[in-house]
Amino acid sequence: FSISALLLVTATLSPATATASSKNEATGEDIYPPLWDLAPENLLDYPVKSNKIVINAWNYLERLGAYKILLSSSAKYFNTGGSQHFDNILWGLPLQHGWQFRTGRLADPSRVTSCGYDDGDLLCLSVRSWWACMNYYLAVIPFLGAVEAGLFGQLPYDIEILPPEEQKADFCYSVADCRSHMPKVMDDWKAYFEVNYFLYIFSFSSFNRDDALGLMWRAHVGSIAYALPKFQDSLKSLSDPEANFGEDWASGVEFIAATHFSTDLPTVNRLQASLPQRMLVKGDVPPYISDFSPQQNRVLLALKALHKTNQVTGGLLLRLWQKAMATEEGRKMGRKLIEDFALC
């Protein structure tokens with residue numbers, strides 16, 4: 001099964017009629033996640049209680065701050081992006097978090113509480129939100145993996161993550177707690193930071209971006225795979241189109257990960273224009289969602305087709321794709337296909 005044939009099969013999943021391109025380009029004001037400037041920049045910007053730095057990961061700004069500190073602390077590994085370290089491949093994490101916040105996906109979908117809404121606490125991240133729970137495993141776990149790897153140096157205090165008001169057993173709250181519950185996921189994130197640090201310290205010429213992306217995506221996929229079965233019930237609070245999109249998104253990440261797709265700031269900003277700018281509601285059927293751009297409709301339809309085809313084939317489509325992406329040349333072709341498809 002040649003890579004050319006596989007790419008052709010994947011490309012044909014898109015609707016032929018969706019050809020218009022988006023004219024929206026990121027400006028200097030909107031390239032960052034919402035409220036980026038207000039997020040904590042240093043670990044000691046968080047409160048210290050009982051000799052512990054306490055982070056409320058159910059507050060948008062405090063969770064965003066964890067990302068901000070990760071980026072600034074790892075900037076030295078990716079020094080080609082200038083003083084703003086735009087080239088750091090961890091940008092994909094806070095940018096996805098920002099998109100979820102901006103589109104209302106982190107609020108309480110049941111409306112039982114006012115968490116995440118203008119008439120309540122807009123910065124509240126609801127534990128009833130499937131997206132907020134999934135994102136926890138792509139925010140807190142990488143952050144604690146970095147703590148364990150020594151990215152932040154010798155800390156004067158331990159780190160403690162505050163639990164949510166509900167579903168406390170679905171999350172972990174410290175390095176030791178997370179390591180006892182999910183050692184493999186923690187190992188993968190720790191390895192990402194340790195390997196980059198090792199290569200940076202010794203200035204190995206063998207360090208390359210593709211290797212770093214491979215480690216990052218392995219950890220990323222591992223976080224999603226661990227969290228996905230935990231929050232199946234949370235999907236029931238969403239409309240059917242939104243719940244289906246959430247599962248399509250989680251499946252699509254595996255296809256993207258296999259290409260070692262670059263998650264620097266400019267690239268992710270370009271591609272996020274292809275994601276829905278609001279939650280999907282009853283009656284939304286791509287490619288016929290009138291207030292979505294042709295490319296947003298096309299991406300929704302392609303994600304659905306990928307997920308369904310992979311399910312019907314018992315995972316064969318993903319395995320064939322991963323096999324095709326096993327070489328650097330294959331991954332380059334895969335990345336080009338994804339970018340051309342999402343932006344055309």
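The structure this text deals with has already been given above.
Structural notes, computed from the coordinates. Keep in mind it's a predicted model, so treat the numbers as computed, not measured.

### Description of the packing of aromatic side chains
For the structure on display, the rule yields 23 aromatic pairs. Here Trp131 and Phe245 contribute two aromatic rings whose centre-to-centre distance is 5.6 Å and whose plane-to-plane angle is 40°, an arrangement assigned as tilted. Note that Trp131 is positioned in helix H4 (residues 130-136) and Phe245 in helix H9 (residues 240-258), a separation of 114 residues in sequence. With respect to class, Trp131 is no different from Phe245; both count as buried. In this structure, Arg111 packs its charged tip against the face of Tyr117, placed 3.4 Å from the ring centre.

### Overview of the state of the cysteines
Going through the model one piece at a time under the given rule, you end up with two disulfides. Covalent S-S linkage joins Cys115 and Cys124, the inter-sulfur distance amounting to 1.8 Å. On the S-S bond that ties Cys115 to Cys124, the torsion sits near -90°, and the link is left-handed. Linked covalently through their sulfurs, Cys172 and Cys178 form a disulfide whose S-S length is 1.9 Å. Between Cys172 and Cys178, the S-S dihedral sits near 95°, and the bridge is therefore right-handed. On the basis of relative accessible area, Cys178 is assigned to the buried category, the value being 0%. Should the bonded cysteines of the protein be numbered as they appear in the sequence, the pairing reads 1-2, 3-4.

### A look at the pattern of salt bridges
Overall, the coordinates contain 21 salt bridges when judged by the stated rule. Lys52 is the partner of Glu160 in a salt bridge, and the nearest nitrogen-oxygen pair spans 3.8 Å. Placement of Glu160 in strand S3 (residues 158-161) and of Lys52 in strand S2 (residues 52-55) is noted, with a sequence separation of 108 residues between them. A salt bridge links Lys236 to Asp233; the nearest nitrogen and oxygen atoms lie 3.4 Å apart.

### Observations regarding the pairing of S3
Looking along a regular strand, one sees side chains alternate from face to face of the sheet. Covered by surrounding structure in S3 are Ile159 and Ile161 only, the residues Asp158 and Glu160 on the alternate face being uncovered. With four bridges connecting them, S2 and S3 associate as parallel partners. From the neighbouring strand, Ile53 faces S3, where its bridge partner is Ile159.

### Examining the packing of H9 against helix H12 (residues 316-324)
Two elements in contact, H9 and H12, have axes separated by 9 Å at closest approach and are oriented at 15°. Put simply, H9 runs roughly parallel to H12. The handedness of the crossing between H9 and H12 comes out as right-handed. For the pair H9 and H12, contact is made by Glu254, Phe255 and Ala258 and by Leu317, Leu318, Trp321 and Gln322, respectively. Of the residues contributing to the contact of H9 with H12, the split by class is five nonpolar, one polar and one charged.

### A short note on helix H13 (residues 328-343)
The end-to-end C-alpha distance of H13 is 22 Å, a good match for the 22 Å that 16 residues give at a rise of 1.5 Å each. Those residues of H13 not exposed but buried are Gly330, Arg331, Gly334, Ile338, Phe341 and Ala342. For H13, the angular spread of the buried residues around the axis is 100°, confining them to a single face. Residues of H13 that are exposed and point over 90 degrees away from its buried face: Glu328, Glu329, Lys332 and Lys336.

### What to know about the sheet that holds S3
What links the strands of a sheet is backbone hydrogen bonding, and the strands pair in either a parallel or an antiparallel sense. As summarised here, the arrangement of the three strands in space is S1-S2-S3, forming an open sheet in which the pairing is mixed. Unpaired on one side and paired on the other, strand S1 (48-49) and S3 mark the two borders of the sheet. With two bridges connecting them, S1 and S2 associate as antiparallel partners. Following the sheet pairing, Val48 is matched in S2 by Ile53. Contacting S2 and S3, helix H5 (residues 140-149) crosses the sheet at an angle of about 170° to S3.

### Quick notes on the nonpolar core
Formed by 90 residues in total, the largest nonpolar core has its most connected members in Ile141 and Phe143. For this core, the two domains that each supply at least three residues are domain 1 (32-224) and domain 2 (238-343). Other than its neighbours up to four places away in sequence, Phe143 contacts Leu43, Ile55, Ala66, Leu70, Phe152 and Ile159.

Conventions adopted
- Residues numbered from 1 in each chain as written.
- Predicted model: local features only at pLDDT ≥ 70, side-chain atom pairs only at ≥ 80, totals over all residues.
- Heavy atoms only, no water.
- Phe/Tyr/Trp six-rings, centres within 6.5 Å; stacked < 30°, edge-to-face > 60°.
- Helix = DSSP H or I, 4+ residues; strand = E, 2+ residues; numbered from the N terminus.
- Buried < 20%, exposed > 50% of the residue type's maximum accessible area, 1.4 Å probe, protein only.
- Lys NZ or Arg CZ within 6 Å of the ring centre and 35° of its normal.
- Disulfide = S-S within 2.5 Å.
- Salt bridge = Lys/Arg side-chain N within 4 Å of Asp/Glu carboxyl O.
- Pairing = 2+ DSSP bridges.
- Axes fitted to C-alpha atoms, helices over the stretch in contact; angles between N-to-C directions.
- Parallel < 35°, antiparallel > 145°, perpendicular 65-115°, else oblique.
- Left-handed = near helix turned anticlockwise from the far one by under 90°.
- Contact = heavy atoms within 4.5 Å.
- Nonpolar A, V, L, I, M, F, W, Y, C, P; charged D, E, K, R; others polar.
- Expected span 1.5 Å × (residues − 1).
- Arc of directions from axis to C-beta.
- Core = buried A, V, L, I, M, F, W, Y, C linked by side-chain atoms within 4.5 Å.
- Domains from an automatic or database assignment.

So yeah, pure geometry; function would need other evidence.
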